[in-house]
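Below, each chain spelled out in residue letters.
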Amino acid sequence: MSYQVRPLRTGDLPSVTEIYNVACRARESTEGTRPWSINEMREFLFESHPSLESYTCVHKGAVVGWTAFTPFRVKEDADHTAEMSLYVRGSFRRKGFGTALATTLLNRATILDLHCVFVIVFKDMPDVISFAGRKCGFSVAGSLPEVFSDGGKHYDLLVLERPIEG
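Numbering of residues starts from 1 in every chain and runs along the sequence as written. The predicted nature of this model means local features are confined to residues of pLDDT at least 70 and side-chain atom pairs, given and counted, to a pLDDT of 80 or more, with totals for whole chains, interfaces and linings taken over all residues. Excluded from the side-chain calculation are hydrogens and water; included are all heavy atoms of the structure.

Colleague: Honestly, helix α3 (residues 97-106) in this entry has me stumped. Any pointers?
Modeller: An α-helical turn contains 3.6 residues, so a residue and the one three or four places further along point in the same direction. Of all 10 residues in α3, 7 are buried, a share of seventy percent or more. Along α3, the positions that sit buried rather than exposed are Phe-97, Gly-98, Ala-100, Leu-101, Ala-102, Leu-105 and Leu-106. Buried means the residue's accessible area, taken with a 1.4 Å probe over protein chains only, is under 20% of the maximum for its type, while exposed means over 50%, and partly exposed covers the values in between. In DSSP terms, a helix is any run of H or I states spanning at least four residues, a strand is any run of E spanning at least two, and both are numbered starting from the N terminus.

Colleague: Which parts of the structure should I look at to understand the sheet that holds strand β5 (residues 116-122)?
Modeller: Paired through their backbone hydrogen bonds, the strands of a sheet run either parallel or antiparallel. A sheet is described by the order of its strands in space; here 7 strands give the open sequence β1-β2-β3-β4-β5-β7-β6, paired in mixed fashion. Each edge of the open sheet carries a strand with a single partner, namely β1 (4-7) and β6 (139-150). Here the average twist between neighbouring strands, direction ignored, is 25°. Of the pairings in the sheet, the one linking strand β4 (residues 81-88) to β5 comprises 3 bridges and is parallel in character. What sits directly across from Thr-81, in β5, is Cys-116. Each of β4, β5 and β7 (153-163) touches helix α4 (residues 126-134); the most contacted strand, β5, lies at about 165° to it. Between any two strands, at least two bridges found by DSSP are needed for them to pair. Each axis is a line fitted through C-alpha atoms, taken for helices only over the stretch in contact, and angles between the N-to-C directions span 0 to 180 degrees. Contact between two residues is taken to exist if any of their heavy atoms lie within 4.5 Å; hydrogens are not considered.

The values are spatial; any link to function lies outside them.
This is the structure:
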């Protein structure tokens, strides 16, 4: 399968937002379940919470996935830590697109002078946890019991980390 991983562009925002919103509706995003507007995604990736680095995966001219490092929420004394986001359209999963995106972004961590990268995932998503460990080198650092609420039901989150060796 031919594809291209390239830096995310503002013109990609409609596709990136759509991919993200599908994940929200499926309770696959730990950012929440409310879909975002294109402007909210622009603000998240480029303005108020600018990504340190972000990429899209393009297959046959269409964006099929995206990934980004965003700064850790605590800014002081944590500027060498980033949170990683990764989303792939459902029909393109398990075909190497997510691995290509993750590899591209994680290979940039040293250049960005990162010491640690983390992801937050749902504890009840073993495929995602397995992918993060096998393909990306993440391990479980801790848990956040029942911190995510959707429709009156509470879910546990896991914090996965990957130290970056320079």
